[in-house]
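Structure at a glance
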Amino acid sequence: MAIDLNLQETMSLITEKHQGRLIAGAVLLVTTIVSFIKLLLMWSDSRVRSRSRLPPTIPAVPIIGGLIRFMRGPISMIREEYARLGSVFTLNALGYRITFLIGPEVSEHLFNGAESEMSQREVYRFTVAAFGRGVAFDVPYSLRLEQIRIFAEGLRGNKLRGYATLMVCEAEEYFSKWGESGTVDLKHELEQVILRITSRCLLGREVRENLFDDVATLFHDLCNGMQPVSVIFPYLPIPAHWRRDRARQRLREMFGTIIRARKASGRSEEDMLQRLIDYRYKDGRATTEDEIAGLLITVLFGGQQTSSITSTWTGAYLLQFRRYLAAAVEEQEEAIWRHGDRIDHDVFAEMDVLYRCIKEALRLQPPVAIMFRWSHSDFAVTTREGEELVVPKGQMVAASPAVANRLPHVYKDPDLYDPERFAPGRSEDKAAGALSYISFGGGKHWCLGEFFAYLEIKTVWAHLLRNFEMELVSPFPENEWNSMLVGVKGKLMVKYTRRKLVVVDGK
Ligand code: HEM
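Worth saying up front: this structure is predicted, and the values here are computed from it rather than measured. (Residues numbered from 1 in each chain as written. Predicted model: local features only at pLDDT ≥ 70, side-chain atom pairs only at ≥ 80, totals over all residues.)

**Remarks on the overall build of the chain**
Going by this rule: Each helix corresponds to a stretch of at least 4 residues labelled H or I by DSSP, and each strand to a stretch of at least 2 residues labelled E; elements are numbered beginning at the N terminus. Partly exposed residues are those falling between the two cut-offs: more than 12 but fewer than 20 other C-beta atoms within 10 Å of their own, whereas 20 or more means buried and 12 or fewer means exposed, with C-beta atoms placed from the backbone.
Secondary structure summary: the chain contains 20 helices and twelve strands in total. Here the chain holds 507 residues, and 36% of them are scored as buried.

**What to know about the sheet that holds strand S12 (residues 493-498)**
We count it as follows: Two strands qualify as a pair provided that DSSP identifies no fewer than 2 bridges between them. Lines are fitted to the C-alpha atoms to define the axes, a helix being fitted only along its stretch in contact, and any angle between axes, read from their N-to-C directions, falls within 0 to 180 degrees.
Reading across the sheet, the three strands line up as S4-S12-S9 and stay open at both edges, with antiparallel pairing between neighbours. The sheet is open, and its two borders are formed by strand S4 (181-185) and strand S9 (468-472), each paired with just one other strand. Ignoring strand direction, the axes of neighbouring strands in this sheet form an average angle of 25°. Here five bridges tie S9 to S12, and the two strands are oriented antiparallel to one another. The residue of S12 that forms the bridge with Leu472 is Val494.

**Examining the UniProt feature "binding site: heme" (unreviewed entry) in the chain**
Inclusion rule: UniProt positions are given in the numbering used here, feature names are shortened, and annotations may be inferred rather than shown by experiment. Contact between two residues is assigned when their C-beta atoms, built from the backbone, lie within 7 Å.
Feature annotation in UniProt assigns "binding site: heme" (unreviewed entry) to the following positions: Cys447. Following the sequence through the fold, Cys447 ends up in the loop between helix H19 (428-431) and helix H20 (450-467). Setting aside residues up to four positions removed in sequence, Cys447 forms contacts with Phe440 and Gly441.

**With respect to the site of the ligand**
Put simply, the rule is: Using the backbone to place each C-beta atom, any residue with that atom within 6 Å of a molecule or strand is considered near it. Ten residue types, Ala, Val, Leu, Ile, Met, Phe, Trp, Tyr, Cys and Pro, are classed as nonpolar, four, Asp, Glu, Lys and Arg, as charged, and the remainder, Gly among them, as polar.
If you check the shell around the ligand, you find 24 residues, and the closest are Gly303, Thr306, Gly441, Cys447 and Gly449. Here the element with the most residues in the shell around the ligand is helix H14 (residues 289-320); it accounts for six residues. In terms of residue class, the shell around the ligand is made up of 14 nonpolar, ten polar and no charged.

**Structural notes on the packing of H14 against helix H17 (residues 352-364)**
Each packed pair of helices is defined by two parameters, the angle between the axes and the distance between the axes. Threshold: Angle categories: roughly parallel below 35 degrees, roughly antiparallel above 145, roughly perpendicular from 65 to 115, and oblique for all the rest.
Remark: H14 packs on H17, axes separated minimally by 9 Å, with the N-to-C direction vectors making an angle of 105°. Between H14 and H17, the crossing angle belongs to the class labelled roughly perpendicular. Between H14, through Thr310, Trp313, Thr314, Tyr317 and Leu318, and H17, the contact on the second element is made entirely by Cys357, Ile358, Ala361 and Leu362. Classifying every residue of the contact of H14 with H17 by side-chain character gives seven nonpolar, two polar and no charged.

**Observations regarding the pairing of S12**
Taken residue by residue, a regular strand's side chains alternate between the two faces of the sheet. Two strands pair when backbone bridges link them, and S4 and S12 are joined in this way by five bridges, in the antiparallel orientation. Residue pairing for S12: Gly182 is matched across the bridge by Tyr496.

**Topic: the environment of Gly443**
Relative to the helices and strands, Gly443 resides in the loop between H19 and H20. In this structure Gly443 touches Phe111 and Asn112, once residues within four positions along its chain are discounted.

**Section: the nonpolar core**
Let me state the cut-off plainly: To define a nonpolar core, we join buried Ala, Val, Leu, Ile, Met, Phe, Trp, Tyr and Cys residues through C-beta atoms within 7 Å and take the resulting set.
In terms of nonpolar packing, the biggest core is built from 75 residues, with Met167, Leu296, Ile297 and Val460 touching the most fellow members. With twelve residues, H14 is the largest single contributor of residues to this core. In contact with Val460, not counting residues within four places along its chain, are Ala171, Leu190, Val193, Ile194 and Ser311. Counting 29 residues, the second largest nonpolar core, distinct from the first, contains Val391, Val403, Tyr437 and Val486.

**Focus on the environment of Ile58**
Looking at where Ile58 falls in the secondary structure, it is placed in the loop between helix H1 (2-51) and helix H2 (65-72). Residue Ile58 is classed as buried on the basis of its 22 C-beta neighbours within 10 Å. C-alpha of Ile58 to C-alpha of Glu81: the two residues are 23 residues apart in sequence and 7.2 Å apart in space. Apart from residues lying up to four places away in sequence, Ile58 is in contact with Gly66, Glu81, Phe89, Thr90 and Leu91.

**Details of helix H3 (residues 74-85)**
Filter applied, for reference: For a helix, the expected span equals 1.5 Å multiplied by the number of residues minus one. Think of the arc as the fan of directions from the helix axis to the C-beta atoms.
The end-to-end C-alpha distance of H3, which contains twelve residues, comes to 16 Å, matching closely the 16 Å that a straight helix rising 1.5 Å per residue would cover. When we look at burial in H3, the residues that qualify are Pro74, Ile78, Glu81 and Tyr82. Each buried residue of H3 lies within a common arc of 110° when the element is viewed along its axis, so the set occupies one face. In H3, those exposed residues whose orientation departs by more than 90 degrees from the buried face are Ser76, Ala83 and Arg84. The secondary structure elements touched by the buried residues of H3 are H2, strand S1 (88-93), strand S2 (96-101) and helix H18 (401-404). Two residues or fewer after H3 comes Gly86, characterised by a positive phi angle close to 100°.

**Some remarks on the packing of helix H15 (residues 322-339) against H17**
The N-to-C vectors of H15 and H17 enclose an angle of 145°; their axes lie 8 Å apart at closest approach. The segment H15 lies against H17, with Tyr324, Ala327, Ala328 and Glu331 engaging Val353, Leu354 and Cys357. Partitioning the contact of H15 with H17 into residue classes produces six nonpolar, no polar and one charged.

**A short note on the sheet that holds S1**
If you walk across this open sheet you meet the five strands as S1-S2-S8-S5-S3, and the pairing is mixed. Unpaired on one side and paired on the other, S1 and strand S3 (118-119) mark the two borders of the sheet. Examined bridge by bridge, S3 and strand S5 (residues 371-375) share two bridges and lie antiparallel to one another. Looking across to S5, one finds that Ser119 is bridged to Trp374.

**Description of H15**
In this model, H15 (18 residues) spans 25 Å end to end at C-alpha, consistent with the 26 Å of a helix rising 1.5 Å per residue. The complete set of buried residues in H15 reads Tyr324, Ala328, Gln332 and Ala335. One face of H15 carries all of its buried residues, which in axial projection span an arc of 90°. Seen from the open side of H15, the exposed residues pointing more than 90 degrees away from its buried face are Arg322, Arg323 and Ala326. The secondary structure elements touched by the buried residues of H15 are H14, helix H16 (345-349), H17 and H20. Among the residues trailing H15, Gly340 stands out with phi positive, at a value near 65°.

In structure tokens, the structure reads:
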């Protein structure tokens, strides 16, 4: 019996040892195979890379050379290198590589690549300091998509009808304060009226009626906290960042108070704030106060400056090229003849001449002058010149509306202000494919506020054209980088005289 037990114990010991060895052997084998496959893949990867050509690199002094040139004038640098190196080229700066993909033929992967291959998060993460935690580029992509969906629903379709009425009221109220005649800095005036419109439609009645001045000041500090240096060092202890952080904190508190008051009152409003309060995530969870505040700041940031810059350029071009101004005024006369004083979403939808004037100003002067992505895998690109290149993973890629929107093989006389290039029959923005006109981006992250932006800029300009005669009295402006966007340099001085458009002879 004892011998039997010993034998059994010995046998089970041997079996356990044997099993242990077997498992260890299997693990070793699997690890070896996996490592071998990885090595093989790396080897073939490097062979593919060494066989395929990398994009040409901009010659510059090592380490900082490219950076200095880029900082001095990124757009002129990209234009010059496009002419010299072709549609795909790389800038080396401070150990970073940025490959520029210029033109509709080469930018498809940047705009339409899967998020796992071509993402925004790595390059726009610095915005977390301004937008706050739990929103936009601070959250996993699946959550960001849900947040993007809230914006999409709040900025399109039927929502725009309601916004149109609010926008008209804001524009009428703002310009009623102008005198019979005078001289104004139109850039400043348009910033003010667009901020009022955006606040009313997105942040809500409470902000617009009681807190507008505070919000305007805080928003100004928030935008100024986005300096070029913030892209690399978003938390660098500098006064602009301290003001940004204080402004964000204060806005968060103000929005928190409004959200609680609205919820307690049981009232519902037609604005973006209400959509954010009412939204339920797919898992049934409600949006938190932090998220609502962060998302409001995000959407305000995305829409305010871009739209006010575009309104100003629209004015500068119309007042400079007066035959297009005359055509835009004539269109307003026709609208009055057809609809009288009624001006709403449907009437705005008929204003094609004004639409093309805005679109052309935006083609020539896109506020978002460069867009970036991070490549997570190597990808091949055939240049416009017909060469096969490979852009490696682990680096930035970029597209530039400021350069791509003026390519001579896409647009006839590309530097000329010619709104009629978008008219039926010419449609130059479509001839070279969907990515020929990228002022609003393209593909997967195409701007959600495009229709909202056109509506508010049309609102402002329809009002100005109907009620004022205007003349540009300062030189045509240049552009300048203003925090993260390209804006209008200096003032845009305009002399105005009040008038009322009348339709003669029942035309
Ligand atoms: C003329 C005015 C505007 C211009 C030129 C403009 C331009 C752009 C561009 C270029 C992008 C893409 C950025 C990228 O791919 O990296 C974008 C995205 C976006 N824009 Fe606009 N925008 C304007 C107005 C607005 C307005 C008024 C709003 C909201 C009220 C808005 C909300 C957004 C949002 C939420 C996105 C992100 C879309 C996404 O990631 O899927 N934009 N915009």
